[in-house]
Amino acid sequence: MARLLEYAGAGDTVVVWRVDRLGRSLVDVLTTVTMLGERGIGVRSVSDGIDPATSTGRLMLNLMVTLAEYERELIVERVNAGIAVARAARTRFGRPPVNPDVIARKLAIVAEARAAGHTAADAANLVGWSRATLYRHQAAPEAAAGSS
């Protein structure tokens, strides 16, 4: 968007799918349209058919942008309400907790495979890990031992 605004010059027309794509809020959209108008750059909306160069177009622009902002706010409210309900139901978010016993068993399997001549990637694959995950788990006990 920044490169488009730098590139566009007087006499050009910026074509957007919907006017609400010109900014994140009502103020952003109106500021962008005003700035483009002051620079002599036209704005056209494909799906809305809005032409801010006319008084009717400006009215429609304000209405459409206001409705789009309202729609975004409703979505945020619904998402936050859903998260609150999930938290009230004690739903856990994020990664599941790591069981240190499972990690220790997998590290033992990997150590046996490495002793048998397997590469780190092959040994990690035996327990369903990537090579990076293997190295991360191997470094974790060393970091814990160093801090105690």
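One can find the structure itself at the top, above this paragraph.
Residues numbered from 1 in each chain as written. Predicted model: local features only at pLDDT ≥ 70, side-chain atom pairs only at ≥ 80, totals over all residues. Heavy atoms only, no water.

Caption draft 1: The overall build of the protein, seen in detail. Helices and strands together make up the secondary structure of the protein, namely six helices and two strands. What you see in the protein, going N to C, is helices and strands ordered as α-β-α-β-α-α-α-α. Over its C-alpha atoms the protein spans a radius of gyration of 28 Å, topping by over 25% the 15 Å that the globule rule assigns to 148 residues. For the protein, with 148 residues in total, the buried portion stands at 23%. Restricting the contact set of the protein to residue pairs at least 6 apart, pairs at least 24 apart contribute 57%. Of the roughly 10500 Å² that the protein leaves accessible, carbon and sulfur atoms contribute 57%. Of the side-chain charges in the protein, 18 are positive and 15 negative, and the distance between the mean point of each set is 7 Å. (Helix = DSSP H or I, 4+ residues; strand = E, 2+ residues; numbered from the N terminus. Rg over C-alpha atoms; globule rule 2.2 N^0.38 Å. Buried < 20%, exposed > 50% of the residue type's maximum accessible area, 1.4 Å probe, protein only. Contact = heavy atoms within 4.5 Å. Areas by Shrake-Rupley, 256 points an atom, 1.4 Å probe, with all protein chains shown as cover. Lys, Arg positive; Asp, Glu negative; His and termini not counted. Charge placed at Lys NZ, Arg CZ, Asp CG, Glu CD.)

Caption draft 2: Fine view of the pairing of strand β1 (residues 13-16). With burial as the criterion, only one face of β1 is covered, namely that bearing V14 and V16; the residues T13 and V15 on the opposite face remain uncovered. Bridge analysis of β1 against strand β2 (residues 42-45) gives four bridges, and the strand direction is parallel. Among the inter-strand pairings, T13 is bridged to a residue of β2, identified as G42. Running through helix α2 (residues 26-38), the crossover from β1 to the neighbouring parallel element β2 is right-handed. (Pairing = 2+ DSSP bridges. Right-handed = clockwise from strand over helix to strand, strands pointing away.)

Caption draft 3: Representation of the nonpolar core in the model. Ranked by size, the top nonpolar core spans 14 residues in total, and within it V14, L22, V29, L36 and L61 carry the most contacts. Of all the secondary-structure elements, those providing two or more residues to this core are β1, α2 and α3 (55-88). The element that contributes the greatest number of residues to this core is α2, accounting for three residues. In contact with L36, not counting residues within four places along its chain, are L5, V14, I41 and V43. (Core = buried A, V, L, I, M, F, W, Y, C linked by side-chain atoms within 4.5 Å.)

Caption draft 4: Structural context of the side chain of S45. Position of S45 among the secondary structure elements: in strand β2. Judged by its relative accessible area of 6%, S45 is buried. In this view, S45 contacts V16, W17, R18, V19 and I50; residues no more than four positions away in its chain are not counted.

Caption draft 5: Structural detail: α3. With 34 residues, α3 ought to run about 50 Å at 1.5 Å a step, and its terminal C-alpha atoms sit 49 Å apart, in line with that. Every buried residue of α3 is accounted for by G57, L61, V65, A68 and A86. Just past α3, the residue R90 takes up positive phi, approximately 60°. (Expected span 1.5 Å × (residues − 1).)

Caption draft 6: Summary view of α2. With 13 residues, α2 extends 18 Å from end C-alpha to end C-alpha; this agrees with the ideal 18 Å at 1.5 Å per step. Buried within α2 are the following residues: V29, T32, V33 and L36. Angular distribution of buried residues about the axis of α2 spans 95°; they occupy a single face of the element. For α2, the exposed residues lying more than 90 degrees away from the buried face are V27 and E38. Buried residues along α2 sit against α1 (2-7), β1, β2 and α3. (Arc of directions from axis to C-beta.)

Caption draft 7: Region of interest: the packing of α2 against α3. Here α2 crosses α3 at 150°, and the two axes come no closer than 9 Å. Here α3 runs roughly antiparallel to α2, going by the angle between their axes. As for how α2 packs across α3, the hand of that crossing is right-handed. Residue-level contacts link L26, V29, L30 and V33 of α2 to L61, N62, V65, T66 and E69 of α3. In terms of residue class, the contact of α2 with α3 is built from six nonpolar, two polar and one charged. (Axes fitted to C-alpha atoms, helices over the stretch in contact; angles between N-to-C directions. Parallel < 35°, antiparallel > 145°, perpendicular 65-115°, else oblique. Left-handed = near helix turned anticlockwise from the far one by under 90°. Nonpolar A, V, L, I, M, F, W, Y, C, P; charged D, E, K, R; others polar.)

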